[in-house]
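# Residue-level structural notes
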Amino acid sequence: MDGEGNKKPWDASQLRKYDLTFDEIPRLHYKDPKIDEYIRANKPVVIIESNIIKPALQRWTLEYLEKNLGQTGHTCFVSKNHQFKYYDDKKIYDKTNNTKGVEFTPPTKKVEMRIEDFMKRVKEWKKGDDRIYLQQSLTTSVGNNIVEDFVKFDWDYVNGKQAKHNWGPLTSNLLFIAMEGNQTPCHYDEQENFFAQVQGYKRCILFPPSQFECLYPYPVHHPHDRQSMVDFEHPDNAKFPKFKDAKGCEAIVGPGDVLYIPIYWWHHIESLMRGGPTTTVNFWYKGGPSTLEYPLKDHQKVAISRNVEKMLLEVLQDPKEVGPLLSAMVLGRYT
Ligand SMILES: CC1(C)c2ccccc2-c2ccc(C[C@@H](CC(=O)O)C(=O)C(=O)O)cc21
Ligand SMILES: [Zn+2]
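Remember, it's a predicted structure, so these values are computed and weren't measured experimentally. (Residues numbered from 1 in each chain as written. Chains lettered and ligands numbered in written order. Predicted model: local features only at pLDDT ≥ 70, side-chain atom pairs only at ≥ 80, totals over all residues. Heavy atoms only, no water.)

### Structural notes on the overall build of the chain
On a plain count of helices and strands, the chain comes out with nine helices and 14 strands. The C-alpha atoms of the chain give 21 Å as radius of gyration, which agrees with the globular expectation for 335 residues (20 Å, within 12%). With respect to the three principal axes, the spread of C-alpha positions in the chain is 60 × 45 × 40 Å. Every one of the 335 residues in the chain was classed for burial, and the buried ones make up 50%. (Helix = DSSP H or I, 4+ residues; strand = E, 2+ residues; numbered from the N terminus. Rg over C-alpha atoms; globule rule 2.2 N^0.38 Å. Buried < 20%, exposed > 50% of the residue type's maximum accessible area, 1.4 Å probe, protein only.)

Now the structure itself:
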């Protein structure tokens, strides 16, 4: 029970244990002008009691989605464990396009699955079975009812924020249906994100771009570009000594909560264990124009370091040469 003796919708036993401490991400009523101060400062905030995805809150049960999501196959990811690590298949080394990449075995399989089959596998899942995670764009080939709901989202509100904060265009609205306990390991995206929770509870752990040194992203040319190399549940403190210094913030988002995940912010997201399937809709926007004003913002330095890695790989061709050249340039000279 919480303070007022109300049944809490979840409890701490449903959260995976990490040896890290987190500040709480503030939760503000959608009319609160302080929300704009957070967005302007590129800081996360949970927007509550809004109508952003109201029709989805009212109607998108799993049964409704099964009936209305559409007959086409939907993109599903299959994993042997609870982690769903993104990878860019265009960066995978293979003999044919003989890109000098790295040996890589994809940790998840991408399959097309009909919604009925997806729901069946979720319902019949037993410990030890593969896990699955459905991802479906809401702007293509979904049923008419879903389109009707979608057009009734509170577009005035989100378009208002996009305009007020000079974001770029909305690039996609994706629907995600996860199994309880699914985990999307720590990564960052190069887009602004309104992360709207429809059903179930998700724990969102965020770190600012300034924590780059503590989160050890893969090299830019690696298929896991933009993902942290650290396994949060079994951190290798020898390889990643600064990980223990990472200072994050967290929010447990439930139905109707909309988390603003600022561009370049790291996020590690898990559907609560024993909390049932979860449904999320995200709104990804291109970042606004980034003028080089000093002092530079932390995410701009991340963007600059990405360009350095890309340029070096471009000229050196072999990724194995990038590290040694960077070390030669820095060790003993800049350190
Ligand atoms: C795990 C999955 C299905 C996946 C597999 C392979 C390639 C891409 C992705 C991908 C991308 C975004 C999400 C939603 C969210 C994380 C979350 O809610 O779990 C998130 O990171 C964001 O909204 O930015 C989830 C996925
Ligand atoms: Zn993401």
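That shown, we press on.
### With respect to the sheet that holds strand β9 (residues 191–199)
The strand order across the open sheet built from nine strands is β2-β3-β12-β9-β14-β7-β6-β4-β5, with neighbouring strands paired in mixed fashion. With one partner strand each, in any of the chains shown, β2 (27–29) and β5 (108–113) form the two edges of the open sheet. If you compare each strand with its neighbour and ignore which way they point, the axes differ by 25 degrees on average. Taken together, the five bridges between strand β6 (residues 131–137) and strand β7 (residues 170–178) define a ladder with antiparallel strand orientation. Looking across to β7, one finds that Leu134 is bridged to Ile177. Along the sheet, helix α4 (residues 115–123) makes contact with β4 (74–79), β5, β6 and β7, crossing β6 at roughly 150 degrees. Its contacts with the sheet place helix α6 (residues 155–164) against β3 (45–48), β7, β9 and β14 (278–286), and it is angled at close to 40 degrees to β14. (Pairing = 2+ DSSP bridges. Axes fitted to C-alpha atoms, helices over the stretch in contact; angles between N-to-C directions. Contact = heavy atoms within 4.5 Å.)

### What about the pairing of strand β10 (residues 202–207)?
For β10, the tally of buried residues reaches six of six residues, placing the bulk of the element in the interior. Both faces of β10 are covered, namely the face carrying Lys202, Cys204 and Leu206 and the face carrying Arg203, Ile205 and Phe207. Of the pairings in the sheet, the one linking β10 to strand β11 (residues 248–253) comprises five bridges and is antiparallel in character. Along β11, the bridge assignment pairs Arg203 with Ile252. The pairing of β10 with strand β13 (residues 266–271) spans six bridges and is classified as antiparallel.

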